[in-house]
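# What the coordinates show
Residues per chain, in single letters:
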Amino acid sequence: MEPSSSDQHIIIDECIPTQATTHAHPGVPPPGAQFEYLNHPADIILHSWGSDLQSSLCNIALCMFGYITSLESVATNAAQSCDYGSHMVAEGHDLRSLIYSFLDEWLFNFHDTDFVANTITLEEINLDKWRVVSSGKGEVMDISRHPQGMEVKAITYSGMRIDEKEGRVDIYVVVDI
């Protein structure tokens, strides 16, 4: 995606996965989710899509959290969301590095606080400065209530792909598990 000469500063709404009461398995997207998991010889490929870059970015973060635990088991705790899921800043030098940084910030936050988001909001996306500010709603992971999926160790550039078509943006990211 090429930025225009004018400042591309966008504020958007939140992405919330479709909830279904019977789904409780990490690594299996809930019905209606705009993400999936694709096989990779040693790791896993996160694939998200949306009508634009903003929604696909929200969905790729939810995809990552859904591989760690079932998103449907994650409630929204307002205090924990404020303490651990607010104002996540990611910066890059191009679109690929911005996506990498965005996911890496959320993954670092999880490893530091155990906070799992079930909703992601992009507060700002600026493609002239390659900057995204996001927040999430969710709660701290509790193994007695949240089924344990796979540990995501790291985000990688390997195989990262962004496909943009009219009305749809797909993001593919390989994560180290």
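Residues numbered from 1 in each chain as written. Predicted model: local features only at pLDDT ≥ 70, side-chain atom pairs only at ≥ 80, totals over all residues. Heavy atoms only, no water.

## Side note on helix H3 (residues 95-113)
Stated precisely, the cut-off is as follows: Each helix is a run of H or I in the DSSP string that is no shorter than four residues. Each strand is a run of E no shorter than two, and both are numbered from the N terminus. What a helix should span is 1.5 Å times the count of its residues minus one. Burial status follows relative accessibility: with a 1.4 Å probe on protein chains alone, a residue under 20% of its type maximum counts as buried, one over 50% as exposed, and anything between as partly exposed. Pairs of N or O atoms within 3.5 Å make up the polar contacts considered here, provided that, within protein, one atom can donate a hydrogen while the other can accept it, and that residues adjacent in sequence are counted only when both atoms are side-chain atoms.
Taking 1.5 Å of rise per residue, the 19 residues of H3 would be expected to cover 27 Å, and the 27 Å separating its terminal C-alpha atoms lies within 8% of that figure. When we look at burial in H3, the residues that qualify are Leu95, Ser97, Leu98, Ile99, Ser101, Phe102, Leu103, Trp106, Leu107, Asn109, Phe110 and Thr113. For H3, the side-chain oxygen to backbone nitrogen distance between the N-cap and arginine 96 is 3.4 Å, and the N-cap itself is aspartate 94. Of the residues trailing H3, aspartate 114 is marked for its positive phi of about 70 degrees.

## With respect to the nonpolar core
Operational definition: Buried Ala, Val, Leu, Ile, Met, Phe, Trp, Tyr and Cys residues that are joined via side-chain atoms within 4.5 Å together make up what is termed a nonpolar core. Contacts were defined at the residue level, with two residues in contact if any of their heavy atoms lie within 4.5 Å.
Counting 45 residues, the largest nonpolar core has Leu57, Met64, Phe65, Phe102, Trp106, Ile120 and Val173 as its most contacted members. Among the secondary structure elements, those contributing two or more residues to this core are strand E3 (35-39), strand E4 (44-50), helix H1 (53-68), strand E5 (88-91), H3, strand E6 (115-126) and strand E10 (168-176). Tallying contributions element by element places H1 first for this core, with eleven residues. Filtering out sequence-adjacent residues up to four positions away, phenylalanine 102 remains in contact with Leu57, Ile60, Ala61, Ala90, Ile120, Leu122, Val132 and Ser134.

## A few points about the environment of leucine 57
Here leucine 57 shows up in helix H1. Considered as a pair, leucine 57 and isoleucine 99 are 42 residues apart in the sequence and their alpha carbons are 7.4 Å apart. Look past the residues within four positions of leucine 57 in its chain and what remains in contact with it is Ile99, Phe102, Leu122, Ile125, Val132 and Ile171.

## Looking at the side chain of threonine 113
Along the polypeptide, threonine 113 turns up in helix H3. Of the polar contacts made by the side chain of threonine 113, one reaches the backbone oxygen of asparagine 109; its length is 2.7 Å. In this structure, threonine 113 is in contact with Tyr84 and Val140, ignoring residues within four places of it in sequence.

## Concerning the pattern of salt bridges
Keep this limit in mind: Any Lys or Arg side-chain nitrogen located within 4 Å of an Asp or Glu carboxyl oxygen qualifies as a salt bridge.
Tallied over the entire structure, the rule returns six salt bridges. A salt bridge links arginine 145 to glutamate 139; its shortest N-O distance comes to 3.0 Å. Arginine 145 gets classed as partly exposed once you look at its relative accessible area, which sits at 43%. Looking at glutamate 139, the relative accessible area reads 6%, which means it is buried.

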